[in-house]
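Single-letter residue listing:
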Amino acid sequence: MELLFLGTGAGVPAKERNVSSVALQLLDERGTTWLFDCGEATQHQILHTAIRPRRIEHIFITHLHGDHLFGLPGLLGSRSFQSGETPLTVFGPSGLRAFVETALAVSGTKLRYELNIVEIDEGVIFDDDRFTVIAKRLDHGMTSYGFRVVEKDLPGPLLVDRLKALGVRPGPIYQQIKQGKTVMLDDGTVIDGREFVGPPQKGRIVAVLGDTRFCEAAIELARDADVVVHEATFAAAEQRLAHDYFHSTTKDAAEVAKRAGAKQLILTHISSRYQGAAALQLLAEARGVFPNTELAADFASFPIPREK
Ligand SMILES: [Zn+2]
Ligand SMILES: [Zn+2]
């Protein structure tokens, strides 16, 4: 599991930072990639990475501002040309369907795969046996969502050595023991499966938040997260500006991570007014509040290890 940033700028593309998009690489977990936002030229950015568009399974759009959305029709079309045949689901606010369907229809773009568009509300928007994704509304003037990706705990490993020591040989019985059932062995001995399974491996939590002012919903989404991706459009001194434009400062983002008890914060959506030393200043401001902070750059990747 790894976050790979494709665009980390705010509002308009800049040479150093393209507009918003970040990939959550789930290659080991499910052999797929999930994208969060798809600003213009996201597909061009992808060309510089190992991401395969046909492996993109889900795209989560935080909100419908162009710097988070305008790359979507192009990427959807190219995925079809690049032999993408597996279904793709795009989640996002109301209006997403009209935007995508209009763009595809007027340009005569035909997709050779099944495209599902899900206009979301708050709550659980995706759930399967490995992951749950929860959405909540943030505070950005227009509807803007944050997403909390929760990996389910993995059952503990079967303690094979202990079973072998008891003379239990591999077979269908191992499956029952792994499920924690009580089973009777051939010699009549009854064993409790739970005693032969190691502790579960804790799942990871990743929060990717759309544009927002400092708000309570962001803290709830980021609660105990392994990683929080939060916008920091402005320096701490520009609190007034951030508030007026429904954005966050470095300190707002850091305060969210701190109050949420998160493990790591990654700042993104950086205004092009901050370059070089000024960008490092942003990082220093956030670290003053929440030390384990990083500043995203285009093509920067951040592995998300499992807790030992
Ligand atoms: Zn934006
Ligand atoms: Zn926005």
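Residues numbered from 1 in each chain as written. Chains lettered and ligands numbered in written order. Predicted model: local features only at pLDDT ≥ 70, side-chain atom pairs only at ≥ 80, totals over all residues. Heavy atoms only, no water.

Another aspect to go through is the coordination of the zinc ion (ligand 2). Those donors, His63 (NE2), His65 (ND1), His140 (NE2) and Asp211 (OD), are the protein atoms that reach the zinc ion (ligand 2), and they lie 2.1 to 2.4 Å from it. Classification of the site at the zinc ion (ligand 2) as irregular follows from its four donor atoms and the range of 90 to 169° in their angles at the metal. Donor residues for the zinc ion (ligand 2) sit on one chain with the sequence pattern H-x1-H-x74-H-x70-D. A separation of 3.4 Å is found between the zinc ion (ligand 2) and the zinc ion (ligand 1), which share Asp211 as a coordinating residue. With His63 in the loop between β4 (56-60) and α3 (66-69) and Asp211 in the loop between β12 (205-209) and α8 (216-222), this pair connects stretches of sequence that are 148 residues apart. The exposure classification of His63 matches that of Asp211, with both residues buried. (Donors = N, O, S within 2.8 Å, 3.2 Å for Na, K, Ca; no water. Tetrahedral: all angles 85-135°; square planar, octahedral: opposite > 155°, others 65-115°. Helix = DSSP H or I, 4+ residues; strand = E, 2+ residues; numbered from the N terminus. Buried < 20%, exposed > 50% of the residue type's maximum accessible area, 1.4 Å probe, protein only.)

What follows concerns the pairing of β12. Of all five residues in β12, five are buried, a share of seventy percent or more. The alternating pattern of β12 places Ile205, Ala207 and Leu209 on one face and Val206 and Val208 on the opposite face, and all of these are buried. Pairing geometry for β12 and strand β13 (residues 227-231), over three bridges, is parallel. Across the sheet, Ala207 pairs through a bridge with Val228, a residue of β13. Crossover β12 to β13 through α8 is right-handed. (Pairing = 2+ DSSP bridges. Right-handed = clockwise from strand over helix to strand, strands pointing away.)

Before going further, it helps to spend a moment on the coordination of the zinc ion (ligand 1). Every protein donor of the zinc ion (ligand 1) is accounted for by Asp67 (OD), His68 (NE2), Asp211 (OD) and His269 (NE2), and the metal-donor separations fall at 2.1 to 2.2 Å. Exposure remark for His68: the relative accessible area of 1% places this residue in the buried category.

What follows is about the sheet that holds strand β14 (residues 265-268). Taking strand neighbours across the sheet as the criterion, the seven strands line up as β7-β8-β9-β12-β13-β14-β15 in an open arrangement whose pairing is mixed. Every other strand in the sheet has two partners, leaving β7 (123-127) and β15 (293-295) as the edge strands with one partner each. When the angles between neighbouring strand axes are averaged without regard to direction, this sheet yields 20°. Relative to β14, helix α10 (residues 250-260) is tilted by about 155°, and along the sheet it contacts β13 and β14. Relative to β15, helix α11 (residues 277-289) is tilted by about 165°, and along the sheet it contacts β14 and β15. (Axes fitted to C-alpha atoms, helices over the stretch in contact; angles between N-to-C directions. Contact = heavy atoms within 4.5 Å.)

Turning our attention to the pattern of salt bridges. One pass over the structure, following the stated rule, counts 17 salt bridges. Counted as one network, the salt bridges with shared partners bring together Glu29, Arg130, Glu151, Arg204 and Arg306. (Salt bridge = Lys/Arg side-chain N within 4 Å of Asp/Glu carboxyl O.)

Per the UniProt record, "domain: Metallo-beta-lactamase" (unreviewed entry) is annotated on residues 202-270. Strand forms 20% of residues 202-270 and helix 35%; the C-alpha atoms that close the span are 32 Å apart. (UniProt positions renumbered as here; feature names shortened; annotations may be inferred.)

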